[in-house]
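# An overview of the molecular structure
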Amino acid sequence: MPAPGPPIGILAELTHRCPLQCPYCSNPVDLLKANRELSTQTWTEIFHQAADLGVLQVHMSGGEPTLRQDLEELVAALSARSVYTNLITAGVNLSKDRIKVLKEAGLDHVQLSIQGATAEVTELIGKHKKGFAQKMQTAEHVRALGLPLTVNAPIHRHNIHQVADFIDLALQLDADRLEIANVQYYGWAYLNRSSLLPALEDVERQVEIVEDARARLKGVLNIDFVTPDYYADYPKPCMGGWAQDAFVIVPDGTVLPCHAAQTIKGLNFENAAETPLAEIWDASPTFEKYRGFEWMSEPCKSCPRRELDRGGCRCQAFAVTGDAAQTDPACILSPHHDKLRNVAVEASAESPGAFSYRRL
Ligand code: SF4
Ligand code: FES
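Residues numbered from 1 in each chain as written. Chains lettered and ligands numbered in written order. Predicted model: local features only at pLDDT ≥ 70, side-chain atom pairs only at ≥ 80, totals over all residues.

## Describing the overall build of the chain
To be explicit about the condition: Working definition: helices are DSSP H or I runs of at least four residues, strands are E runs of at least two. Numbering for both runs from the N terminus. We compute the radius of gyration from the C-alpha atoms alone; for a globule the expected value is 2.2 Å times N to the 0.38, where N is the number of residues. Think of it this way: build a C-beta for each residue from its backbone, and any pair within 7 Å is a contact.
For the chain, the helix and strand inventory stands at 14 helices and nine strands. For the chain, the C-alpha radius of gyration of 20 Å lies close to 21 Å, the compact-globule estimate for 360 residues. Seen through its principal axes, the chain has C-alpha atoms that stretch 55 × 45 × 40 Å. Partitioning the contacts of the chain with sequence separation of at least 6, the portion at a separation of at least 24 is 73%.

Here it is in structure tokens:
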């Protein structure tokens, strides 16, 4: 199926380098070293093509994007084309001066990931000494400079009991938005799945806390809730649907319909350093493969919810069933649904094993 219109957003993974080692990282297990990263000039050319294509927002991510010394230049290139820029950062080793320079270059928004509502949990997960204190400082600088702030809290069994504390922390940091994001199990997170999956009763308690806070803090703090697939009845429209309105570019320029698409065997991916972005968006066989509804089989094919969730996540379908064209097993109508739930029930009943920390 051809592209439905221009893409709205790009997730630009500028580097896989990162000072943190979170075991739930969505980056692939085979990380790209610095010598595979695109040059400033190539990223700038790609961003110009993105603006020509009609892209409205670029989320600059990694790894840790502030490790790119040219980040200011890249932000300025996007800003000059009126593209909204969001910096997704771990917020360590980031000085107020650097944030100020980024703001002056045109940065629009900062999304700060926080691994735990306390220093102990943040440092257990991120493996970065003094990481929590540095993140608090980064949040303070961001707000002092007048930039909007989203706090991103990836949730799993080691911090699910801190959801209420994350809400208090986001208020204390004067964040505009809090993302309570239950971990999605791809990349490193899939590798560490049995050590990260929470128990059902903790998930249910979390839902109550979030719902209560959303009602109580309406107009004060926006709370986005990325629900946990393994205990869901219906899936989420992953990436808003495969190649529907956004895509991902990884550090070496490979263009993906979603961040975990390389886990699906048999797909080929174009590179933005070699093929024009417009051509990839409009005509990539990989983008076309699961776009729209024609690829669907039952139960999705005739399901009234298909426009809502677009059959869920192709990568999760592949990981669990070996076929990316199957219904996402997060869906109660999938014949593999019980498998997903049982993995979570069994894993969370056991003591968590040691993490495989993300390492480059
Ligand atoms: Fe969504 Fe497919 Fe499940 Fe229907 S059957 S709810 S379209 S995943
Ligand atoms: Fe690939 Fe969901 S992560 S479709």
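Picking up after the structure, the text goes on.
## Considerations on unusual backbone geometry
In this structure, Gly63 follows Gly62 across a cis peptide bond, with omega equal to 10°. As for its placement among the helices and strands, Gly63 is situated in the loop between strand S2 (57-61) and helix H2 (71-80). The omega torsion of the bond from Glu298 to Pro299 falls at 10°, within 30 degrees of zero and hence cis. Locating Pro299 in the fold gives a position in the loop between helix H11 (285-289) and helix H12 (306-309). Although it is not a glycine, Ser82 sits at a positive phi angle of roughly 60°. Following the sequence through the fold, Ser82 ends up in the loop between H2 and strand S3 (84-89).

## Description of the site of ligand 1
Rule in force here: Each residue receives a C-beta atom built from its backbone; the residue is near a molecule or strand if that atom lies within 6 Å of it. Polar here means any residue other than Ala, Val, Leu, Ile, Met, Phe, Trp, Tyr, Cys and Pro, which are nonpolar, and Asp, Glu, Lys and Arg, which are charged; Gly is therefore polar.
The local shell around ligand 1 holds 14 residues, among which Cys300, Cys303, Arg305, Arg306 and Cys331 are the closest. The residue inventory of the shell around ligand 1, partitioned by class, reads seven nonpolar, three polar and four charged.

## Some words on the packing of H2 against helix H3 (residues 96-105)
Note the following rule: Lines fitted to C-alpha atoms define the axes here, with helix axes fitted over just the stretch in contact, and angles between the N-to-C directions of these axes take values from 0 to 180 degrees. Should an angle lie under 35 degrees it is considered roughly parallel, over 145 roughly antiparallel, and from 65 to 115 roughly perpendicular; all remaining angles are considered oblique. Each crossing is labelled by how the near helix is turned from the far one, with a counterclockwise turn of less than a right angle marking it left-handed and a clockwise turn marking it right-handed.
Contact pair H2 / H3: the axes reach a minimum separation of 8 Å and the direction vectors enclose 25°. On the basis of the axis angle, H2 is roughly parallel to H3. Crossing angle aside, the handedness with which H2 passes H3 is right-handed. Mapping the contact onto sequence places Leu71, Glu72, Val75, Ala76 and Ser79 in H2 and Val101, Leu102 and Ala105 in H3.

## A few points about the sheet that holds strand S4 (residues 109-113)
As a reminder of what qualifies: A pair of strands is considered paired only if DSSP assigns at least 2 bridges between the two.
Read from one edge to the other, the open sheet built from nine strands follows the order S7-S6-S5-S4-S3-S2-S1-S8-S9, with strand pairing classed as mixed. Two strands lie at the open edges of the sheet, namely strand S7 (222-226) and strand S9 (255-256), each paired on one side alone. Two strands pair when backbone bridges link them, and strand S6 (residues 177-182) and S7 are joined in this way by five bridges, in the parallel orientation. Across the sheet, residue Ile180 finds its bridge partner in S7, namely Phe225.

## Quick look at the packing of helix H6 (residues 163-172) against helix H9 (residues 200-216)
Where H6 meets H9, the axes come as close as 9 Å, and the angle between the chain directions of the two elements is 30°. With respect to H9, the axis of H6 lies roughly parallel. Taken together, the residues of H9 that come into contact with H6 (itself represented by Val163, Ala164 and Ile167) are Gln206, Ile209, Val210 and Ala213. For the contact of H6 with H9, the per-class residue count stands at six nonpolar, one polar and no charged.

## Let's talk about the environment of Ala175
Summarising the element assignment, Ala175 is placed in the loop between H6 and S6. Not counting chain neighbours up to four residues away, the residues in contact with Ala175 comprise Leu149, Thr150, Val151, Ala170 and Leu221.

## Here we look at helix H13 (residues 314-321)
For clarity, the threshold we go by: Residue burial is a threshold on neighbouring C-beta atoms within 10 Å of the residue's own C-beta, all placed from the backbone, with 20 or more meaning buried, 12 or fewer meaning exposed, and counts in between meaning partly exposed.
Counted residue by residue, H13 has six buried out of eight residues, so it is predominantly covered. Along H13, the residues that are buried comprise Arg314, Cys315, Gln316, Ala317, Phe318 and Val320. Contacts made by the buried residues of H13 are with helix H14 (337-349). Downstream of H13 by one or two residues, Gly322 has phi in the positive range, about 80°.

## Quick word on the pairing of S6
Formally: Throughout, right-handed denotes a crossover for which the path from the first strand over the helix to the second runs clockwise when the strands point away from the viewer.
The sheet contact formed by strand S5 (residues 149-155) and S6 spans six bridges and is parallel. Bridge assignment links Thr150 to a residue of S6, and that residue is Arg177. In this region the chain leaves S5, passes through H6 and returns to the parallel neighbour S6; the handedness of that crossover is right-handed.

## Brief notes about H6
Note the following rule: The directions considered for the arc run from the helix axis to the C-beta atoms.
Among the residues of H6, those classed as buried are Val163, Phe166, Ile167, Leu169 and Ala170. For H6, the angular spread of buried residues about the axis comes to 165°, placing them on one side. Along H6, exposed side chains directed more than 90 degrees from the buried face belong to Asp168 and Gln172. Contacts made by the buried residues of H6 are with S5, S6 and H9. A positive phi of about 60° marks Asp174, the residue just after H6.

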